[in-house]
Structures are given as C-alpha cells and as structure tokens.
Protein chains: 2
Amino acid sequence: MNGAESLLQSLIDAGVEVCFANPGTSEMQLVAAIDKIPGMRPILGLFEGVVTGAADGYGRMADKPAATLLHLGPGFANGMANLHNAGRAFTPIVNIIGDHATYHLPLDAPLTSDVPGYAALTSDWVKICASAESMAADGVAAVAAAMAGRQANLIVPADHAWTEGGEVAAPLAVAPRPGIPQERIAAAADLLRSGEPGCLFLGGMALRERGLKAASRIAAATGTRLISEVFPARLQRGVGRPKIERLPYFGEMAADMLGTFTHMVMVGAKAPVSFFAYPDKPGTLWPPNCNLLQLADPHQDQIAALEALAEHLQAPAPPAIDEPALPDIPTGPLTAETVGAVIANLLPAQAIVSDEANTAGAFSFGYFDGAAPHDWLTLTGGAIGQGLPAALGAAIACPDRKVINLQADGSAMYTNQALWTMARENLDVCVVLYNNSSYAILNLELLRVGVEQPGARAKSMLELDNPRIEWTQIAAGMGVSASRATTTEEFQAQFEAAMAARGPRLIEVVL
Amino acid sequence: MNGAESLLQSLIDAGVEVCFANPGTSEMQLVAAIDKIPGMRPILGLFEGVVTGAADGYGRMADKPAATLLHLGPGFANGMANLHNAGRAFTPIVNIIGDHATYHLPLDAPLTSDVPGYAALTSDWVKICASAESMAADGVAAVAAAMAGRQANLIVPADHAWTEGGEVAAPLAVAPRPGIPQERIAAAADLLRSGEPGCLFLGGMALRERGLKAASRIAAATGTRLISEVFPARLQRGVGRPKIERLPYFGEMAADMLGTFTHMVMVGAKAPVSFFAYPDKPGTLWPPNCNLLQLADPHQDQIAALEALAEHLQAPAPPAIDEPALPDIPTGPLTAETVGAVIANLLPAQAIVSDEANTAGAFSFGYFDGAAPHDWLTLTGGAIGQGLPAALGAAIACPDRKVINLQADGSAMYTNQALWTMARENLDVCVVLYNNSSYAILNLELLRVGVEQPGARAKSMLELDNPRIEWTQIAAGMGVSASRATTTEEFQAQFEAAMAARGPRLIEVVL
C-alpha cells in the first residue's frame, strides 16, 4: 500500500471514524485512499472554516478526534480561525494538511506556502511526514496527541502519500491525564474552608456532569461559590445537574462579581482576564491580594482532581438540587429573551446547544438551568463563525440527539456554507438565526471607546441592515428549509414543529 | 490626536482612499478615526476573505493600495488565502491589523494570537507600531512598500492607537522601479534574434497594453512568440491590442507548447513550473538545455525593459493588428463555450473581467481576443474564493467601468459574502455563475492520480449536486437580483439586460 493508504488504515484502527474534508489536488491520494479503504466517513465542507469548526464540535461531543483534510497553506489558513477556537477548547483534532511533493517545493509553484509555519500557529504539535514508511506511525502519534487534548497538525507531502511502502501502525495507548499532587489538593481545601468569600472557578472537563457533581459536593461542604469561565467548551446543564454561575463577558461586570474574593481555586480554566484591554481598566479580573490556586489545568485530570478534593473535604454525597423554575412561555413581541424562554421550555432532553448568539443570547442563558438536561457549547476563542460548523460537527458525533444552534447573524455569515453540509448529511440541527442586522457587540464596544454618537462612516462598518440579509433565502439556496418568525407565537409554533421533526431547519428570528 | 487618527490622516495624505474593513473590538479606535476624519471610504465585508480579495482587485486596477482593517490573528487568517493570491499578483495592499494592547498580550486573553507570525506568512514587510508618535510614519512607510509591489502588514496595538501624541507624517516619494542593465538587454536581444524557436514569456506589468505593444514590436522584429503566464494578474486584451498566447494550465500541455524552445526570455514572470507535482512528470515546463533569461522580474520596471529591448532591436512601430474574428453568437443548449461566446460578443468597451471560472472558463478564453478592449484578472495564487471579491474591489477602483465576474460555483461558495457588499455599494458587477455542481477540476485531478472509477466516498468529496446550490436564492438573500439561464438564448437575453443596466446582478448558468 502507499503512504496515504497506510495512514488512513492506521487512523481508522486508532478509532478515527470521520474526516471533515475540503481536499485539493495535493490531497488526491488521500481521497483515493478514503475511496478504497472502508471505515472512514468523509464529510465535505464547502469552505475550510466549516471543516475545522465541524471537527471542533465533533471533538467536544465525541471526546475523540475527527480528522480534517486541508489543502496547503491557504486551505489551512481558511480553517485557522476555528482551529484557534478549538485550541482554546482543548478539542482533540487531527488535521491532515496536504503539501506539494518534497521535490516540488523548491520550484515555488503558485500554491507553494510555508505550511509548517501556518501549522505552528495553531498548535505546538506539528509533524511533517518524512516518508511513506513512517507516515502511519506519524498518524497514530497524531491521534495520541489529540487524545491528550491537543491539536495535531500532520503535514503530508504528496510524494510520500503516493509512494508504495506504507506500513500500517498499531494504535498507541492513550496516556492517562496527569494527576494532581495531594499537597495541592490540601492547599485548595484550606482555601475553600477559610470561610472567606471565594470560588471554585471551573472550565474544561470540570464542567461535565461528573465534575460538576463533585464541585457541588465541595460547595456544600465549604460554602464556596461555583463559577464557570465565560466561554466553556462544553457545559452540561439542565434539570438534575448542579447549577453553576457564569462569569460575565464584560470585564467590569466580571470584576464586580469577583471583587470581594480572597481566593479562587481554578480547575480546567485559568484565572480570568478581560477579553480586550480598555484604557484605564484592569486586564486581570480578580481583586488584588486574591489568592489564586490552579488545582488542575486543562491538560490534567480535572474530574479526578475535583473528586479527590471532595473526598479530602469528606464532603457528603451531592446535595439535592433545587429545580430552577422555567420561565413561563411568553407571548407577544419577539425579543431575544422571549425566544430564549420558548427554547428553554421546549428543549428536548439531551439536546446539544451550539451557542454563538453573542449579544442576542446573553440574557436568556439563565433560563436553561431549568430546561431538560443538555450540553452547551460556546465560542471559546472569540473568532466568530464557529456556531454553525460546531453544530454540524456535534450532530455528526451524536446522531441521536437534537442540536440547536443559537446563532447571531453577523457571525453566521462567516461560515454560512455549513448550512449546505447540514442539508447534504440531513443532520438534525435547528438553527435559530437571530437577525438584528448588526454587529451589535461592536456598537457597544464603540460606545466603550468613547464614541457616543457614531456617524455614517462608523455605522457603515457595524450595521448589516443595508441590505437586510434574507436568511430564509440563503438557507433555501443551500437546501435547508427555513421560516421566519416575527412574533413570539410564530416562533413557538415554528420551533415546536422543528422539535417534532428530524432534519435541518432554520428559523430566522427578526429582532 | 491619538495614534489611530495620525495614522489615518497620513494614509489619506499618501493617497489611500479606500479601506476594506471587517473590524473588531481591537480596531475600534481606527473605526472612530475613520468616522471623525473625512477622506477614507470604509467598505464593509462580511468576512475577511472578502476584504482582502477586494483589496487585491482594487490594487490591480488602481495601481495603488487600498487599506484593509483586520482583527488580530484569526481575522487576518480569514483573509490570508486572498492575501496569498495578492502576493502572487504583486498587488499593492496596506493591511492594518489590530492587536491587543501591548500590556494585555501577556495575559493570553482568548483572542491572543501571534499576529506577527501570521503576518510574516504573507509578506516580508511586517511592522509592529511601537508608539502613538511613530504610528503615522509606519503608515507612510507601508504605503511606500505597497507602491513597490509588496504587501505591507502593519500591526497596530490598541493602546498605541488610543494614546494621544500621534503626529501626521508626510507621504514618502515613490521610488522608481529598478531598471535593467544594458548588457542584459543585449543578451535578450541575442537570444531572440537567434532564429531558433523560443518566446518572450510575460507576466505582471508586461501584460499591460504598453508592455504588450513593446513586446509586439519585438516579436515583429525577431519572429519570437509571445506567451503569457498561466494566471496573469491583469492582462489588457481585446481589439486594437496585441494578441498573446497563454500557457496552458496542465503541465503536459504547457510542456508540449514549450517543448522545442531553445530559449525563453522572461519579463514580469518567472520560468514556468507545473502547478502541482505528479508521479513521473517533470515539475519544470521548459525543455532541457533551454536558455532561460530573466530580463525583468516583477519588482523591476518591466515595461521600460521591453521598450528598451525594442529600441535595442531597432524594432519598428507596433505592427498592424489582425482583428481576430468574434465567434458567432450561438444558440441552443447552454455550455461554457456558448456562454463565453455570448459574453465576448456583448462585452462593453473597457469592461473588467474577473475570471475564476476555472474549468468552465478555460475553453472560451480565446474568444475574447476579438472582444472590445478589456482587462482580464485571474486567480494568481490558486487559493480559490478570489473571483467575487476581486470583482468587488475592481468595481470600487473603476466605478465607470462594467465588471464581469466569470465565476465557478465551488469557488464562489468560499467568499459568497461578497455579493452582499456588491448590493450594499450598488456596484456595477455582473456575476456569471457557472453551476456545474462539482469541483470539476478535482475530478480531473483524481483521474490523473489513477482513479478511473471513483466510488461513492470519493465522489462525495468532489460533487456539489446533493443538494444542488440555488444561486439565485443565495444572491437574492444578499440583496443581489438574480436570474437563471438554461438555454443560450435565455442567457443572451439576461446578459444583454445586465449590460444595459447598472448595478449588481447574478446570472446562474446551469451546466
């Protein structure tokens, strides 16, 4: 077999089942291998940002990597924004980046690009396959790196892919995540038992149900608050699960929340900083003299750390959970809040919510504490255009679960091509498209830098209302059936119908 | 004034009139400056690939830079593919990339990224502004670099942008392009006068009308052939202009064309190599023992080199040009060829053609030798998604000229957001969208790597027919009026109507 075939067979043997792909000529040997060897499901994205965002959503839900297939530097570049987000989420991904044949590189053909240079910007795991013989071993090493919560960027020169002599490599054992020394657990216990105000600040795997149950035991034993990072990769929420507060996005509000704390114990998240700097505002959000203790970082065993801490505290079993009340289903004018209230009421059990609603979603987030159990995925890295592709990938990973994508219009435009793949694969995704015809967050940010009365030129860079984007037409153009809601009652009827059916659907919410 | 204001005023003073923008929070000071200071026209793109591709099209037609406004590493990454293309076209562009405040960078906020590392991948001109005071001087240096045919990547830390103390800097004189030593001109003349088969191989500025006229004098004096690089940045064509052959895309065909040559004299292009490598096929397209002489590279004065060579040869005035016949306007079934024949017949004088038709356009290219005078822009770097944005930028640069975008469907999906900006700015662009529901070139490439009977998994990565993309709906969703043609007569009627009206229009050609 040739190098490409040995790589593909070894990835399949190592448990990689899905390849999100936008191949080009330099990847044709890998396309041919996928065609020839059964076991890898190829899923075409019509732009690389869809491919990488889908791999992020898949990896968050499957807890194992999908492969991607990307085309030299420019194809990789198109996927980098969502790889940035995936990196901030510590999502397992194996990127396979085709490059020119090694002997072709010095000729500087038009697509020649510094592929290793591109790849090094999204991960510290970059490997250039050196031969057909070693390609499969590089592939299983990439899977092992991904399983440790890293992106693996594997560069495949075309000549090694087409050369005979590939040898299938056996999967590598997945190394357990590093544990936490007992003295650090004791130190965390001391801080939390102090009686002073503070919190357990959680991110990463700590926000899975098991981590939250251990955290809730700790909170019951110590009285500490539980606070989630602003943008969790995957938060398991809903009735029957411990409730957690969420740090606000705006630095001033976040600093207010943490302002009296004498200590913070971080698990799976680092101490929070402001998303951006502003003149005369602090970048770090904890108060001076706050004791910071990193109990477990995102690469360590965060759930084990929380369970060990609960044991160390001799915390009892998880306390009974007060069931938060759902909001009443509202009627009348359609707002982001009424949309949120409807969705929270009608959310199917085990739904997956891909949340890139940005400003439109912020105020209804709390409603979902009382919704059916679900997983909540957010924009971890701030590079917009992630919500649609992540929903796509989550639906591939979990075909029996309903996926709801809460999606802001400005961000949706970035990777609107994801709708086509949802239609092609008949994925069970309902996109709720908040159309406020604006980069609303940027209007707030302009105000925050002191422009209180923006003129025409500033508005022309922040408003999307001329022309108004007709999302139902865009969705239909890509094969996704779509409708528009202008009242809460209309939205409720459309959302109920979407929950009762399978397959992709877009509901445009006119705000 | 603050740093951002001094930078903006200095760019305006240096002749930069247009800023293609997709700003974020870290660029708000620049947005505020554009709002406050008259003279810079901001044009919003709803994805950075639109922004940079538009700047490429603008720069090719205006022969001076537009500015872009991009948001940290991920925003820049989204624009990198079209910057790759612009780099291969030697297009003048000034990219302004906002970054975090300098003191915020060590906090590793979610969008923190190695912006200089990203920027260095598309250009060797990268500058990080060091203070508010020096920002304007950096800006005028960026314009000077751009005028020399380079991309200038100027990184603006937010704190320097908002700090007072900015000082407007005067424009720098544009340095003349380096000239060509007389002995090299004599050597080129000796090669071309040899009587052996060979060619003048032209790219870059050599393909402007003045360069082609000098080249045609040289051809008349020596009998040499004139051949254009495969993907010219801007080729001036049509009646009254010297005709030039074009090197074929596929390496075998190109090598056949050049196979008997004993010499090639390159002006504004380098000696041609195969786009990709293939097993057992050469990467260099000239025959062994062919004498290669680079008369002028893309940074030198290519037109002056050709004119000096013509003088050295004592070549007479440009020969009379045989007017190539236009094809008859065809009727009946719609094919890429009949579409091309209709357009060539109806092309308005001084039209600009942005050609990303890929396989669909290849066979009608020759028809346009007999069309009205026009400029032809192509995908210089092979990173698809360039045709729509380049058309947009060309229309901004030349508001009195009709722009025709010959556009393949697969490539159009990459940066479909460009349609929205065409509608917003009411640009006089007619998009001819070739919908063959396929990455047709990749089907050819798969055949070329030996897969003669692709199976379902391979086809699923190359075919776009499930679902079929409804381009008229996508266009309408973004505010561009659209129609579909299924016969040549329908296409002719729709294209005639588009040529008779102003404003954006999309015609889907169903192949």
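Residues numbered from 1 in each chain as written. Chains lettered and ligands numbered in written order. Predicted model: local features only at pLDDT ≥ 70, side-chain atom pairs only at ≥ 80, totals over all residues. Heavy atoms only, no water.

As annotated in an unreviewed UniProt entry, chain A carries the name Acetolactate synthase large subunit and comes from Exilibacterium tricleocarpae.

Let us look at the packing of helix H8 (residues 182-192) of chain B against helix H11 (residues 302-312) of chain B. In a packed pair of helices, the relevant descriptors are the angle between the two axes and the axis-to-axis distance. Residue and element names in this part refer to chain B. Running from amino to carboxyl end, H8 crosses H11 at an angle of 65°, the nearest separation of the two axes being 10 Å. The interaxial crossing formed by H8 with H11 has right-handed handedness. Touching Gln182, Ile185, Ala186, Ala188, Ala189 and Leu192 of H8 are Ala308, Leu309 and His312, all from H11. Considering only residue class, the contact of H8 with H11 consists of seven nonpolar, two polar and no charged. (Axes fitted to C-alpha atoms, helices over the stretch in contact; angles between N-to-C directions. Helix = DSSP H or I, 4+ residues; strand = E, 2+ residues; numbered from the N terminus. Left-handed = near helix turned anticlockwise from the far one by under 90°. Contact = heavy atoms within 4.5 Å. Nonpolar A, V, L, I, M, F, W, Y, C, P; charged D, E, K, R; others polar.)

Because the α-helix completes a turn every 3.6 residues, residues three or four places apart line up on one side. Residues and elements named next belong to chain B. For helix H9 (residues 209-222), which comprises 14 residues, the first-to-last C-alpha distance of 20 Å matches the rise-based estimate of 20 Å (1.5 Å per residue) to within 8%. All of the buried residues in H9 are Gly211, Leu212, Ala214, Ala215, Ser216, Arg217, Ile218, Ala219 and Thr222. As for H9, its buried residues are in contact with H8, strand S7 (198-202), strand S8 (225-228), strand S9 (235-237) and H11. Immediately downstream of H9, the backbone of Gly223 shows phi near 80°, a positive value. (Expected span 1.5 Å × (residues − 1). Buried < 20%, exposed > 50% of the residue type's maximum accessible area, 1.4 Å probe, protein only.)

Residue and element names in this part refer to chain B. As summarised here, the arrangement of the six strands in space is S2-S1-S3-S4-S6-S5, forming an open sheet in which the pairing is parallel. A strand with exactly one partner marks an edge of an open sheet, and here the two such strands are strand S2 (41-44) and strand S5 (126-128). Between one strand and the next, the sheet's axes are offset by a mean angle of 20°, whatever the strand orientation. Bridging between S5 and strand S6 (residues 151-157) involves three bridges; their strand directions are parallel. Bridge pairing links Val126 to Asn153 in S6. In the packing of helix H6 (residues 132-147) onto the sheet, the strands contacted are strand S4 (93-99), S5 and S6, and the crossing angle to S6 comes to about 165°. (Pairing = 2+ DSSP bridges.)

Residue and element names in this part refer to chain A. We note that the domain assignment places domain 1 (3-162), domain 2 (182-312) and domain 3 (336-510) within chain A. Each partner contributes to the interface: domain 1 provides 25 residues, whereas domain 3 provides 27 residues. Summed over both partners, the interface of domain 1 with domain 3 buries about 1900 Å², with 67% contributed by carbon and sulfur atoms. Of all residues in domain 1, Val50, Arg60 and Met61 give up the largest surface area on contact with domain 3, accounting jointly for 30% of the area buried on that side. Taken together, the links from domain 1 to domain 3 amount to one salt bridge. (Domains from an automatic or database assignment. Buried area = accessible area lost by both parts, 1.4 Å probe. Salt bridge = Lys/Arg side-chain N within 4 Å of Asp/Glu carboxyl O.)

Moving on, we get to the pattern of salt bridges. What the rule picks out here adds up to 54 salt bridges over all chains. Asp63 of chain B is the partner of Arg208 of chain B in a salt bridge, and the nearest nitrogen-oxygen pair spans 2.8 Å. Taken together, the residues span a long stretch of sequence, with Arg208 of chain B in the loop between S7 and H9 and Asp63 of chain B in the loop between helix H3 (48-62) and strand S3 (66-71) at a distance of 145 residues. By relative accessible area, Arg208 of chain B is classed as buried at 10%. Take Asp63 of chain B: its relative accessible area is 34%, and that puts it in the partly exposed class. One salt bridge connects Arg193 of chain B with Asp190 of chain B, and the closest N-O pair in it is separated by 3.2 Å. Each of Asp63, Arg208, Arg234, Asp375 and Arg401 of chain A takes part in one network of salt bridges that share partners.

Turning our attention to the interface of chain A and chain B. Residue-level contacts link 97 residues of chain A with 97 residues of chain B. Across the interface of chain A and chain B, roughly 8100 Å² is buried in total on both sides, 64% from carbon and sulfur atoms. Contact with chain B buries surface across chain A, with Tyr414, Arg457 and Met461 of chain A losing the most and accounting together for 9% of the total. Our count for the chain A to chain B interface comes out at four salt bridges. Lys270 of chain B is paired through a salt bridge with Asp108 of chain A; the nearest N and O atoms lie 3.2 Å apart. Summed over the shared surface of chain A and chain B, the number is 49 residue pairs in polar contact (both at pLDDT 80 or more). (Polar contact = N/O pair within 3.5 Å; in protein donor to acceptor, adjacent residues only side chain to side chain.)

Let us now look at the sheet that holds strand S7 (residues 198-202) of chain A. Residue and element names in this part refer to chain A. Across the sheet, which stays open at both edges, the five strands sit in the order S10-S8-S7-S11-S12 with parallel pairing between neighbours. Each edge of the open sheet is held by one strand with a lone partner, namely strand S10 (245-246) and strand S12 (291-296). Together, S7 and strand S8 (225-228) form the strand contacts of helix H9 (residues 209-222), whose direction differs from that of S7 by roughly 175°.

Time to look at the packing of aromatic side chains. In this description, an aromatic ring pair is defined by two values, namely the gap between the centres and the angle between the planes. Tallying each qualifying case throughout the model produces 21 aromatic pairs over all chains. Taking 5.3 Å as the distance between ring centres and 90° as the angle between the ring planes, the aromatic pair formed by Phe47 of chain A and Tyr414 of chain B counts as edge-to-face. Placement of Phe47 of chain A in the loop between strand S2 (41-44) and helix H3 (48-62) and of Tyr414 of chain B in helix H14 (residues 409-414) is noted, with the two residues assigned to different chains. Seen from their ring centres, Phe365 of chain B and Trp376 of chain B are 5.1 Å apart, and the 90° between their planes marks the pair as edge-to-face. Of the two residues, Phe365 of chain B is situated in the loop between strand S13 (351-356) and strand S14 (374-378) and Trp376 of chain B in strand S14; the sequence distance between them amounts to eleven residues. By the burial criterion, Phe365 of chain B is buried, and Trp376 of chain B matches it. (Phe/Tyr/Trp six-rings, centres within 6.5 Å; stacked < 30°, edge-to-face > 60°.)

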